[in-house]
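What follows is each chain in one-letter form.
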Amino acid sequence: MSPAERQRPVVVIGGGIHGLGTAFHLARLGFTNVRVLDAGYFQSGASGRNGTLVRGGFSSEAWTRLFAFSNRRWIELSRLLGENVMYTRRGYLIVSQSEKTQRLIEAAVPLHRDCGLRSEILELADVKRLAPALDTRTVRSVVNLADGGTAPHHAAMKGFLKAAQRLGVRVEYGKPVTAIEQDSRRATAVVAGGERIAAEILLLAAGAQSPRVAALAGLELPAYPQRIEAMALEPVRPILRPAIALPDRLCYLHQTARGEIVGGAEVAETPQETLATDLPVLGATARVYAEMFPAFARLRILRHWAGMLLATPDWGPLLGLHPDLENLWVTTGWSYGIAGAAGTTELMAESIARGEAHELIRPFAVDRFRRGQPVAEGAIVLAPAEGH
Ligand SMILES: Cc1cc2nc3c(=O)[nH]c(=O)nc-3n(C[C@H](O)[C@H](O)[C@H](O)COP(=O)(O)OP(=O)(O)OC[C@H]3O[C@@H](n4cnc5c(N)ncnc54)[C@H](O)[C@@H]3O)c2cc1C
């Protein structure tokens, strides 16, 4: 990049993990005028309300190539940022109970390995050793992703924030973007907190609010806001080393360093925008826990909370240039946004610097649904919303 290109004003809309992380990598690549504007407070979005689970292996090639890259970056992130992001490589088990899921995840093991992941089908004795709390009577098979684990979001968010600020990125919370000015097919400025801020490059990273922000430029995104909930059980002695996903029960969980059991089970509900929790979801999670981890039935629920995701028709993120505005880049629609953050933020920054989407993010282009090319991924723990 020439010095003039490096000085172009970049405005990042949204200071969640994707906005902050991409801003950090842009500064690392030499961009000298990067500003992050966020409507809420630090960690008020999904990046402060999640389960913190990280894995690289899925069933599709597009997901696995992107998330395997990101898993590798999680392992190196503390060193890169000069901040401890507390990534713990505790392993990640994908448990199948149906024949369909068994076939899907076992068939994916060679793909995982091809992407550099340590992935293997476990013997039952090893499952019992790694996760003694799991009732294995209905389990057909278990794939262990040894490089998966957990990334406490507060540590990663703080790490990205401090590292970005050290490189000169200006980050402002409590500053919602309320207008996007444009000249024919290019954005020229945003208005935030009454201030007009010129932008030659815009990055939309506003999580569940992204369609509303895109609408400020008269644009549409193929996605809708969706609440999901999680809960924490009281701390107990270590009984669950790896993180676990049970796709057949739409359930995921892990035991934190403090001993709490954190996770959730998804239920299909009408899309709604609220941070209120409700009893049916709590009940569904408690039921799956009690059936699959009988010892948990005796534990008290400490906390139960909700966060907002931006759901896309195939649950994959929306990444790359928006097809209808020349200088609007997009990183949103994240359902596994913590797992994807360490690597995709770097790929987004590289793509912006080169003016061309990196090959690993190309399958997730914003216009893939328009082109009839969604990315089918079956090894995820998400419930499609009613009516979608
Ligand atoms: C309960 C729960 C459990 C989860 N568990 C996991 C998990 O275990 N593993 C995993 O990988 N993922 C998990 N996720 C998903 C993950 O948290 C998200 O995918 C990820 O945090 C999305 O990050 P983001 O930066 O795109 O969005 P966010 O963190 O939501 O950030 C978007 C930001 O945009 C800001 N904003 C909105 N409107 C405007 C505006 N007009 N102007 C400026 N700023 C604006 C918001 O204030 C917000 O801070 C979970 C999510 C939830 C809710």
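Predicted model only: the values in this text are computed from it and were never measured.

Calculation notes
Residues numbered from 1 in each chain as written. Predicted model: local features only at pLDDT ≥ 70, side-chain atom pairs only at ≥ 80, totals over all residues. Heavy atoms only, no water. Helix = DSSP H or I, 4+ residues; strand = E, 2+ residues; numbered from the N terminus. Rg over C-alpha atoms; globule rule 2.2 N^0.38 Å. Buried < 20%, exposed > 50% of the residue type's maximum accessible area, 1.4 Å probe, protein only. Contact = heavy atoms within 4.5 Å. Areas by Shrake-Rupley, 256 points an atom, 1.4 Å probe, with all protein chains shown as cover. Lys, Arg positive; Asp, Glu negative; His and termini not counted. Charge placed at Lys NZ, Arg CZ, Asp CG, Glu CD. Axes fitted to C-alpha atoms, helices over the stretch in contact; angles between N-to-C directions. Left-handed = near helix turned anticlockwise from the far one by under 90°. Nonpolar A, V, L, I, M, F, W, Y, C, P; charged D, E, K, R; others polar. Pairing = 2+ DSSP bridges. 1 Å grid on protein atoms, 1.4 Å probe; cavity = no way out; pocket = protein on both sides within 12 Å on 5 of 7 lines; lining within 4 Å. Points joined across faces, edges and corners; volume = space filled by probe spheres on them. Domains from an automatic or database assignment. Buried area = accessible area lost by both parts, 1.4 Å probe. Salt bridge = Lys/Arg side-chain N within 4 Å of Asp/Glu carboxyl O. Polar contact = N/O pair within 3.5 Å; in protein donor to acceptor, adjacent residues only side chain to side chain. Near = heavy atom within 4 Å. Core = buried A, V, L, I, M, F, W, Y, C linked by side-chain atoms within 4.5 Å.

Caption draft 1: Layout of the overall build of the protein. The helix and strand inventory of the protein stands at 9 helices and 19 strands. Expected size for 388 residues packed as a compact globule is a radius of gyration near 21 Å; at 20 Å, the protein falls within 12% of this value. Each of the three principal axes of the protein carries a C-alpha extent, and together these read 60 × 40 × 40 Å. For the protein, buried positions account for 59% of its 388 residues. In the protein, of all internal contacts separated by at least 6 residues, the share reaching a separation of at least 24 is 76%. When the accessible area of the protein is evaluated, it comes to approximately 15,600 Å², of which 51% is carbon and sulfur surface. Between the mean site of the 43 positive side-chain charges and the mean site of the 38 negative ones, the protein shows a separation of 6 Å.

Caption draft 2: Here's a closer look at unusual backbone geometry. Of note in this structure, Ser-184 is not a glycine but carries a positive phi near 50°. For Ser-184, the position within the fold is in the loop between β9 (177–183) and β10 (186–192). Residue class for Ser-184 comes out exposed when judged on its relative accessible area of 66%.

Caption draft 3: The side chain of Asn-327, seen in detail. Note that Asn-327 resides in the loop between β18 (318–321) and β19 (328–332). We classify Asn-327 as buried; its relative accessible area is 4%. Sequence-distant contacts of Asn-327, defined by excluding residues within four places in its chain, comprise Arg-185, Arg-186, Ala-187, Ala-199, Glu-200, Ile-201, Leu-202 and Leu-321.

Caption draft 4: Expanded view of the packing of helix α2 (residues 17–28) against helix α6 (residues 153–166). Contact geometry for α2 and α6: axes closest at 9 Å, N-to-C directions at 35°. For the pair α2 and α6, the sense of crossing is left-handed. Here α2 contributes Ile-17, Leu-20, Gly-21, Phe-24 and His-25 to the contact with α6, which in turn contributes Ala-156, Met-157, Phe-160, Leu-161, Ala-163 and Ala-164. Tallied by class, the residues present in the contact of α2 with α6 amount to 9 nonpolar, 2 polar and no charged.

Caption draft 5: Fine view of the sheet that holds strand β2 (residues 34–37). With mixed pairing, the 6 strands of this open sheet are ordered in space as β8-β2-β1-β12-β19-β18. Either end of the sheet is taken by a strand with one partner, and the two such strands are β8 (170–172) and β18. Direction aside, neighbouring strands of the sheet carry axes that sit 15° apart on average. With 3 bridges joining them, strand β12 (residues 201–204) and β19 adopt parallel strand pairing. Note on β19: the bridge partner recorded for Leu-202 is Leu-328. On the sheet, helix α9 (residues 337–354) packs against β12, β18 and β19 and is oriented at approximately 170° with respect to β19.

Caption draft 6: Spotlight on the layout of surface pockets. Considered as a void within the structure, the second largest pocket measures approximately 500 Å³ in volume. Lining the second largest pocket are 20 residues, with Thr-52, Pro-152, His-154, Thr-256 and Arg-258 positioned closest to its centre. Contributing elements (two or more residues each) for the lining of the second largest pocket: α6 and β17 (301–311). Taken together, the residues of the lining of the second largest pocket break down into 5 nonpolar, 10 polar and 5 charged.

Caption draft 7: Representation of the domain arrangement of the protein. One can read the domain layout of the protein as domain 1 (3–47 + 154–223 + 314–368) and domain 2 (89–148 + 224–311). Put simply, the middle of domain 1 and the middle of domain 2, counted by C-alpha atoms, are 30 Å apart. With 14 residues of domain 1 in contact, the opposing surface of domain 2 contributes 7 residues. Broken down residue by residue, the surface that domain 1 buries against domain 2 is led by Ala-208, Ala-223 and Trp-315, which jointly contribute 51%. Between domain 1 and domain 2 we count 1 salt bridge in total. A salt bridge links Arg-212 to Glu-273; the nearest nitrogen and oxygen atoms lie 2.7 Å apart. Taken together, the links from domain 1 to domain 2 amount to 2 residue pairs in polar contact (both at pLDDT 80 or more). Residue composition of the side of domain 1 that touches domain 2, by class: 7 nonpolar, 6 polar and 1 charged.

Caption draft 8: Fine view of the site of the ligand. In the vicinity of the ligand, 37 residues are found, and the nearest of them are Asp-38, Ser-47, Gly-51, Leu-53 and Ala-339. With respect to the ligand, the backbone of Ala-39 contributes an N or O atom lying 3.0 Å from a nitrogen atom. Between Ala-339 and the ligand, the recorded distance is 2.8 Å, taken from a backbone N or O atom to an oxygen atom. Taken by itself the ligand offers 1,000 Å² of open surface, and the protein chains cover 93% of this. Counting residues per element, the ones that place at least two in the shell around the ligand are α2, β13 (224–233), β17 and α9. When residues of the shell around the ligand are assigned to domains, at least three map to each of domain 1 (3–47 + 154–223 + 314–368) and domain 2 (89–148 + 224–311).

Caption draft 9: Structural view of the nonpolar core. With 79 residues, the main nonpolar core has Trp-63, Leu-66, Trp-74 and Tyr-336 as its most contacted residues. Examining the composition of this core, we find that 9 residues originate from one element, helix α3 (residues 61–81), more than from any other. Shared between two domains, this core takes at least three residues from each, and those domains are domain 1 (3–47 + 154–223 + 314–368) and domain 2 (89–148 + 224–311). Among residues more than four places away in sequence, those in contact with Tyr-336 are Arg-55, Phe-58, Trp-63, Phe-67, Ile-380, Val-381 and Leu-382. Counting residues in hydrophobic clusters, the runner-up holds 27 residues, among them Leu-122, Ala-133, Ile-261 and Tyr-289.

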